Amino acid sequence: MTESSIPQINEVNRRKAFIRESEPAIAQYLTPGIDFASFIRCISFRLFLVVFLELNASLLTSDPENVRLVTQALYEFYEDAEAKSTLPAEMLNILERWLPASQFSNLLDHILPTYETLWRIVAATVVHCEDDGNRDCRGVMLDFRDNPKDIQYTSSYRDGDWSASAIINRVVESLPPVARTKSPTTSKSPFTGGNLPTQDETLKAAALVASQVIGQVTGRLSKGSGPSHDGYPWDGREMVMMNAVLS
C-alpha cells in the first residue's frame, strides 16, 4: 500500500476509535496468568491494526493465541539489532493473513516499528503511574481517560503541574530506541499523513491506551510479593522485570 493510497482518517475519529476498541481489547487479553508485557503487546497490536490500519477486528479476536505469538516474535526481532533480516516463516505467514503484502508493503521496516514503539510507551507509562510514588500521575491519566481531549492532554488540574502529555514525554525520555529502527523512540513515522500516526499521534495514542488500562485494571497491579488477589501475576517482581525489559 503506497502512502497516497492510504485513506485519510480524522484524528478525532481515531481517538473515538481507540476509546471504543480499548474495552473489548482489554477484556479479551486480560486473562488469568497472562504476563504484563504480553498483555500490553496484544492490546496495543490489536488497537494499532484496527484503528490505524483499519483491519477488521474479528480477524484478531478469533485468533488470540497467534496474536500473542506474533507480538512476542516482533518484540524479539526488534529488540535484537543484529537479528536476521526477517521473522520466522510461520510468523510471516500469520502476518500475511492479516496484512497482505499486496496492500501493506515494507511491514517490518516501515509499519510495525511504530506499533513496537507504541506498546513500549504504553507499558512504561502504566508501570510509571502504578508506582507508589507516582499516585498523582495515575490520577492525571484517569482524568485524561474521562476527558480525552487535547486541552486535557496538555493541561494540569492537579498538584504537581503534571499533564498526560508531560507524563508521556517523561516516559519517552527514559526509553531506549527500538534497536532495529536505529532512531530515537520519538522519531517521526515514515508514513505521516496516511493511516499511520505521526509522532504526536503516536504519543497521544499511547496516552489513551495507557489511561484505559490504568482505569480498567484497577487493583490488579499488586505491589506485593505474590500474585494479586485477582490471579494476575503482576506483583512487584513482575514490575521490576518489566522495567528491565524496557530499559
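Everything numeric here is computed off the predicted structure, so don't read it as measured data.

Caption draft 1: Looking closely at the overall build of the chain. Helices and strands together make up the secondary structure of the chain, namely 11 helices and zero strands. Scanning the chain from its N terminus toward the C terminus, one meets helices and strands in the order α-α-α-α-α-α-α-α-α-α-α. For the chain, the residues scored as buried account for 52% of the 247 residues in total. Summarising the internal contacts of the chain: among those between residues at least 6 apart in sequence, 71% fall at separations of at least 24.

Caption draft 2: Structural view of the packing of helix H6 (residues 107-130) against helix H10 (residues 199-216). Direction vectors running N to C along H6 and H10 enclose 45°, while the axes themselves pass 9 Å from each other. Relative to H10, H6 is oriented oblique. Remark: the crossing between H6 and H10 carries right-handed chirality. Where H6 approaches H10, its residues Thr 114, Leu 118, Ile 121, Val 122, Thr 125, Val 126, Cys 129 and Glu 130 are matched on the opposing element by Thr 202, Leu 203, Ala 205, Ala 206, Val 209, Ala 210, Val 213 and Ile 214.

Caption draft 3: Molecular detail of the packing of H6 against helix H9 (residues 164-174). At their nearest, the axes of H6 and H9 sit 9 Å apart, and the two run at 110° to each other. Between H6 and H9, the angle is such that the two are roughly perpendicular. For the element pair H6 and H9, the recorded crossing hand is right-handed. Of the residues in H9, those touching H6 at Ile 121, Ala 124, Thr 125, His 128 and Cys 129 are Ile 167, Ile 168, Arg 170, Val 171 and Val 172. Here the contact of H6 with H9 is composed, by residue class, of seven nonpolar, two polar and one charged.

Caption draft 4: Structural detail: the nonpolar core. Among the nonpolar cores identified, the biggest contains 73 residues, and Phe 39, Phe 45 and Trp 98 are the most heavily contacted of them. Within the residue set of this core, elements represented by two or more residues are helix H1 (11-29), helix H2 (36-52), helix H4 (64-79), helix H5 (89-98), H6, helix H7 (135-146), H9 and H10. Among the elements that make up this core, the one with the highest residue count is H6 (14 residues). If we skip the residues at most four places from it in the chain, Phe 45 touches Leu 60, Val 67, Val 70, Thr 71, Leu 74, Leu 95, Trp 98, Leu 112 and Tyr 115.

Caption draft 5: A look at the packing of aromatic side chains. With the rule as written, the count across this model stands at eight aromatic pairs. Note on Phe 48 and Phe 52: the rings are 5.7 Å apart at their centroids and 55° apart in plane angle, and the pair reads as tilted. Residue Phe 48 and its partner Phe 52 are located together in helix H2, separated by four residues, close to a single helical turn. Judged by relative accessible area, which is 2%, Phe 52 ranks as buried. Each ring, one from Phe 48 and one from Tyr 115, has its centre 6.4 Å from the other, and the planes form 50°; the classification is tilted. A residue pair is termed long-range when its members are at least 10 positions apart, and Phe 48 in helix H2 and Tyr 115 in helix H6 qualify at 67 residues. Looking at Phe 48, the relative accessible area reads 0%, which means it is buried. A residue is classified by how much of its surface remains accessible, and Tyr 115, at 0% relative accessible area, is buried.

Caption draft 6: Fine view of the environment of Leu 118. One can find Leu 118 in helix H6. Distance in space between the C-alpha atoms of Leu 118 and Thr 202 is 6.5 Å, their sequence separation being 84 residues. Discounting chain neighbours no more than four positions away, the residues touching Leu 118 are Ser 44, Phe 48, Thr 202, Ala 205 and Ala 206.

Caption draft 7: Molecular detail of unusual backbone geometry. Even without glycine at this site, Glu 54 takes up a positive phi of about 60°. With respect to the helices and strands, the residue Glu 54 is situated in the loop between H2 and helix H3 (58-61). Taking the relative accessible area as the measure of exposure, Glu 54 reaches 45% and is therefore partly exposed.

Caption draft 8: Highlighting the pattern of salt bridges. As enumerated under the stated definition, the model contains 10 salt bridges in all. A salt bridge links Arg 97 to Asp 63, with the nearest nitrogen and oxygen atoms 3.1 Å apart. Note that Arg 97 is positioned in helix H5 and Asp 63 in the loop between H3 and H4, a separation of 34 residues in sequence. When its relative accessible area of 17% is taken as the criterion, Asp 63 is described as buried. Across the pair Lys 204 and Asp 150 runs a salt bridge whose closest N-O atoms are separated by 3.2 Å. Taken together, the residues span a long stretch of sequence, with Lys 204 in helix H10 and Asp 150 in helix H8 (residues 150-154) at a distance of 54 residues. Judged by its relative accessible area of 37%, Asp 150 falls in the partly exposed class. What emerges from the salt-bridge pattern is a single network uniting Arg 15, Asp 150 and Lys 204.

How each quantity is defined
- Residues numbered from 1 in each chain as written.
- Predicted model: local features only at pLDDT ≥ 70, side-chain atom pairs only at ≥ 80, totals over all residues.
- Heavy atoms only, no water.
- Helix = DSSP H or I, 4+ residues; strand = E, 2+ residues; numbered from the N terminus.
- Buried < 20%, exposed > 50% of the residue type's maximum accessible area, 1.4 Å probe, protein only.
- Contact = heavy atoms within 4.5 Å.
- Axes fitted to C-alpha atoms, helices over the stretch in contact; angles between N-to-C directions.
- Parallel < 35°, antiparallel > 145°, perpendicular 65-115°, else oblique.
- Left-handed = near helix turned anticlockwise from the far one by under 90°.
- Nonpolar A, V, L, I, M, F, W, Y, C, P; charged D, E, K, R; others polar.
- Core = buried A, V, L, I, M, F, W, Y, C linked by side-chain atoms within 4.5 Å.
- Phe/Tyr/Trp six-rings, centres within 6.5 Å; stacked < 30°, edge-to-face > 60°.
- Salt bridge = Lys/Arg side-chain N within 4 Å of Asp/Glu carboxyl O.

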